Amino acid sequence: TTSFDFDEVSPGILLQIRPRISEAKNEVAMEIDVQVKALRTANDGTALNDSAQIVGTKPGSSTRRVHTFALVPNKTPIIIGGLVSRESEDISNKVPGLGDIPFFGRLFGADKTSSEKKEVIVVITPHIIRNNSNIGIQTPKDTAMFDDLDMELFRDSYRVRAEDVFDLGFVYRSKQFSKYRNYVVRRAARDEAFAKTPLAQSFSGTHFPGGNGLVARMIYDIVGKRDLAKPVSRDKILMTEHSGDGNFKKVTFLEKEWQKAKPKNHGLELTFSGGKGSSVQPHVALRTLPLAEIKLLTDINKNKKDSGQIFIASEKDLKKIRRAIVVREIQKLNRSTHTFGLNEFSNGTKLILPVIKTTR
């Protein structure tokens with residue numbers, strides 16, 4: 001038995017662009033990569049076994065590619081050409097039987113050669129969006145067509161859909177919220193020092209305290225609905241643990257500890273400490289506790305803010321950990337107020353996605 005392998009070819013046009021806005025905010029520098037892949041019949045391939053018999057065929061393929069750089073004024077189209085293909089085909093028509101007669105068969109048939117020339121022209125028009133309220137036609141529809149996934153040159157990205165954004169109208173209509181916001185806005189208008197405080201800034205525009213947490217929650221839901229945490233391997237999640245004096249103690253693999261606790265009807269308590277504002281490096285203290293105690297501690301901590309504790313009592317909790325890791329990576333990649341403020345996180349917002357390898 002002889003086996004054969006064929007490579008998969010996806011015909012179509014692949015357009016990848018990396019744009020950068022100039023300092024003057026009136027031009028866009030772009031790295032552009034265009035690939036046109038097509039199937040061809042002129043160079044079919046065949047696979048033969050040891051007896052020279054045809055056991056498989058495949059269509060031929062061709063790839064045309066243009067990789068270039070351009071500096072284009074805002075709202076000015078750029079035309080990319082040169083993606084030309086030429087294909088010729090020999091066609092033989094003959095009367096069955098009579099056309100196969102030696103010497104005289106040509107009298108009962110005809111041969112001809114056809115040629116075809118094709119050219120793909122790509123027109124790109126950059127638009128610099130200065131105010132999200134004026135996005136207009138530049139806002140993509142709620143469709144996966146505008147997601148950039150499985151990219152070769154650039155990072156994957158996801159376009160936020162309307163279904164991904166919470167309806168926060170009830171917050172802005174709240175009398176209590178209006179009361180607090182009016183106070184902060186009036187005081188900030190007459191007190192320049194107060195206007196620079198985190199409290200005043202948290203009420204700027206359509207922001208409100210805790211808004212960043214809501215944005216993180218919306219990203220968390222996107223990660224869950226789109227299964228973006230699937231590549232995160234549980235076996236690769238590790239934690240650094242320090243002793244009481246802040247010195248390094250050991251590295252712990254979360255999956256290993258969970259497998260030891262689960263048969264005993266126990267779970268895990270993770271307590272996070274250190275990091276920003278602390279002289280100690282970020283680390284995790286891990287304890288194995290009975291499930292009944294974990295349930296009690298979970299209920300107690302429900303109303304606590306920033307308790308710094310996470311409890312793992314089921315496989316579902318481990319899935320949440322994997323999602324949280326992806327959310328953290330997305331926040332790192334999109335660290336700007338233009339992405340994570342409630343003013344800007346809306347339908348059409350583009351989220352750059354992390355590259356997660358199964359070996360990571």
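As a starting point, this report considers the structure included with it.

The rules behind each value
- Residues numbered from 1 in each chain as written.
- Predicted model: local features only at pLDDT ≥ 70, side-chain atom pairs only at ≥ 80, totals over all residues.
- Heavy atoms only, no water.
- Helix = DSSP H or I, 4+ residues; strand = E, 2+ residues; numbered from the N terminus.
- Contact = heavy atoms within 4.5 Å.
- Core = buried A, V, L, I, M, F, W, Y, C linked by side-chain atoms within 4.5 Å.
- Buried < 20%, exposed > 50% of the residue type's maximum accessible area, 1.4 Å probe, protein only.
- Pairing = 2+ DSSP bridges.
- Axes fitted to C-alpha atoms, helices over the stretch in contact; angles between N-to-C directions.
- Salt bridge = Lys/Arg side-chain N within 4 Å of Asp/Glu carboxyl O.
- Phe/Tyr/Trp six-rings, centres within 6.5 Å; stacked < 30°, edge-to-face > 60°.
- Lys NZ or Arg CZ within 6 Å of the ring centre and 35° of its normal.
- Parallel < 35°, antiparallel > 145°, perpendicular 65-115°, else oblique.
- Left-handed = near helix turned anticlockwise from the far one by under 90°.
- Polar contact = N/O pair within 3.5 Å; in protein donor to acceptor, adjacent residues only side chain to side chain.
- Patch = residues over 30% accessible without salt bridge, like charges linked within 9 Å, V, L, I, M, F, W, Y side chains within 5 Å.
- Areas by Shrake-Rupley, 256 points an atom, 1.4 Å probe, with all protein chains shown as cover.
- Lys, Arg positive; Asp, Glu negative; His and termini not counted.

1. Focus: the overall build of the protein chain
Turning to step 1, where the next piece is worked out: For the protein chain, the helix and strand inventory stands at nine helices and 12 strands.
Turning to step 2, where the next piece is worked out: For the protein chain, contacts bridging at least 24 residues in sequence account for 60% of all contacts bridging at least 6.

2. Examining the nonpolar core
Turning to step 1, where the next piece is worked out: By size, the foremost hydrophobic cluster in this structure holds 29 residues, and its most contacted members are Ile219, Val223, Leu254, Ile312 and Phe345.
Turning to step 2, where the next piece is worked out: Residue assignment for this core shows that the elements contributing at least two residues are α5 (211-225), α6 (254-261), β9 (266-273), β10 (283-290) and α8 (315-333).
Turning to step 3, where the next piece is worked out: At six residues, α5 tops the list of elements feeding residues into this core.
Turning to step 4, where the next piece is worked out: Residue contacts for Val223: discarding those within four places in its chain leaves Leu228, Ala229, Arg323, Val326, Val327 and Ile330.
Turning to step 5, where the next piece is worked out: Among the nonpolar cores identified, the runner-up in size contains 15 residues, and Val28, Met30, Val72 and Ile128 belong to it.

3. Quick look at the sheet that holds β9
Turning to step 1, where the next piece is worked out: With respect to topology, three strands assemble into an open sheet ordered β10-β9-β11, the strand pairing being antiparallel. Across the chains shown, the open sheet's two edge strands, defined by having one partner strand only, are β10 and β11 (309-312). Taking each pair of neighbouring strands and ignoring which way they run, the sheet shows an average axis angle of 20°.
Turning to step 2, where the next piece is worked out: Both β9 and β10 contribute to a ladder of eight bridges, which runs antiparallel. Note that in β10 the partner of Leu268 across the bridge is Thr288.
Turning to step 3, where the next piece is worked out: Where α6 meets the sheet, its contacts fall on β9, β10 and β11, and the angle it forms with β9 comes to roughly 145°.

4. Focus: unusual backbone geometry
Turning to step 1, where the next piece is worked out: If you check the backbone angles, Asp227 has positive phi at about 55° while not being a glycine.
Turning to step 2, where the next piece is worked out: Tracing the backbone through its elements, the reader meets Asp227 in the loop between α5 and β7 (238-242).
Turning to step 3, where the next piece is worked out: Although it is not a glycine, Asn265 adopts a positive phi angle of roughly 60°.
Turning to step 4, where the next piece is worked out: Residue placement: Asn265 occurs in the loop between α6 and β9.

5. What about the pattern of salt bridges?
Turning to step 1, where the next piece is worked out: Inspection of every chain in the model, using the stated rule, returns 14 salt bridges.
Turning to step 2, where the next piece is worked out: We note a salt bridge from Arg18 to Glu31, for which the minimum N-O separation is 3.5 Å. Separated by 13 residues along the polypeptide, Arg18 in strand β1 (residues 12-21) and Glu31 in strand β2 (residues 27-48) bring together distant segments of the chain.
Turning to step 3, where the next piece is worked out: A salt bridge links Asp164 to Lys225; the shortest N-O distance between them is 2.9 Å. Here Asp164, found in the loop between β6 (157-159) and α1 (169-172), pairs with Lys225, found in helix α5; they are 61 residues apart in sequence, far enough to count as distant.

6. Side note on the pairing of β9
Turning to step 1, where the next piece is worked out: In this structure, β9 lies alongside β11, joined through four bridges in antiparallel fashion. Its bridge partner being in β11, Leu270 is matched across the sheet by Ile310.

7. What to know about the packing of aromatic side chains
Turning to step 1, where the next piece is worked out: Counting across every chain of the model gives zero aromatic pairs.
Turning to step 2, where the next piece is worked out: Above the plane of the ring of Phe194 lies Arg187, whose end atom (NZ or CZ) is 4.1 Å from the centre.

8. A closer look at the packing of α5 against α8
For any two helices packed against each other, one specifies the crossing angle of their axes together with the interaxial distance.
Turning to step 1, where the next piece is worked out: The interhelical angle for the contact between α5 and α8, taken along N-to-C directions, is 120°, at an axis separation of 9 Å. With respect to α8, the element α5 is oriented oblique. Seen along the crossing, α5 lies across α8 with a hand that is right-handed. Where α5 abuts α8, its residues Ala216, Ile219, Tyr220, Val223 and Gly224 lie against Lys320, Arg323, Ala324, Val326, Val327, Ile330 and Gln331.

9. Comments concerning the environment of Trp258
Turning to step 1, where the next piece is worked out: As for its placement among the helices and strands, Trp258 is situated in helix α6.
Turning to step 2, where the next piece is worked out: Along the primary structure Trp258 and Leu268 are separated by 10 residues, whereas in three dimensions their C-alpha atoms are 7.0 Å apart.
Turning to step 3, where the next piece is worked out: Contacts of Trp258, omitting those with residues within four sequence positions, involve Arg234, His266, Gly267, Leu268, Ile312, Ala313, Ser314, Glu315 and Leu318.

10. Some thoughts on the side chain of Asp164
Turning to step 1, where the next piece is worked out: Classification of Asp164 by relative accessible area gives buried; the value is 2%.
Turning to step 2, where the next piece is worked out: Side-chain polar atoms of Asp164 contact the side chain of Tyr158, separated by 2.6 Å.
Turning to step 3, where the next piece is worked out: Within the structure, Asp164 has its side chain in polar contact with the side chain of Lys225 (distance 2.9 Å).
Turning to step 4, where the next piece is worked out: With near-sequence residues (within four places) excluded, Asp164 lies in contact with Tyr158, Met218, Ile222, Lys225 and Arg226.

11. So, a nonpolar patch on the surface
Turning to step 1, where the next piece is worked out: Among the surface-exposed residues, Ile13, Leu15 and Ile17 lie close enough to one another that they form a single nonpolar patch of about 240 Å² accessible area.
Turning to step 2, where the next piece is worked out: Take Ile17: it is sitting in strand β1.

12. So, the side chain of Asp317
Turning to step 1, where the next piece is worked out: Here Asp317 lies in helix α8.
Turning to step 2, where the next piece is worked out: Despite its burial, Asp317 pairs with no opposite charge; the closest candidate is Lys320, at 4.1 Å N-O.
Turning to step 3, where the next piece is worked out: Among the polar contacts listed, one links the side chain of Asp317 to the backbone nitrogen of Ala313, at a separation of 2.7 Å.
Turning to step 4, where the next piece is worked out: Not counting residues within four places of it along the chain, the set of residues in contact with Asp317 comprises Phe311 and Ile312.

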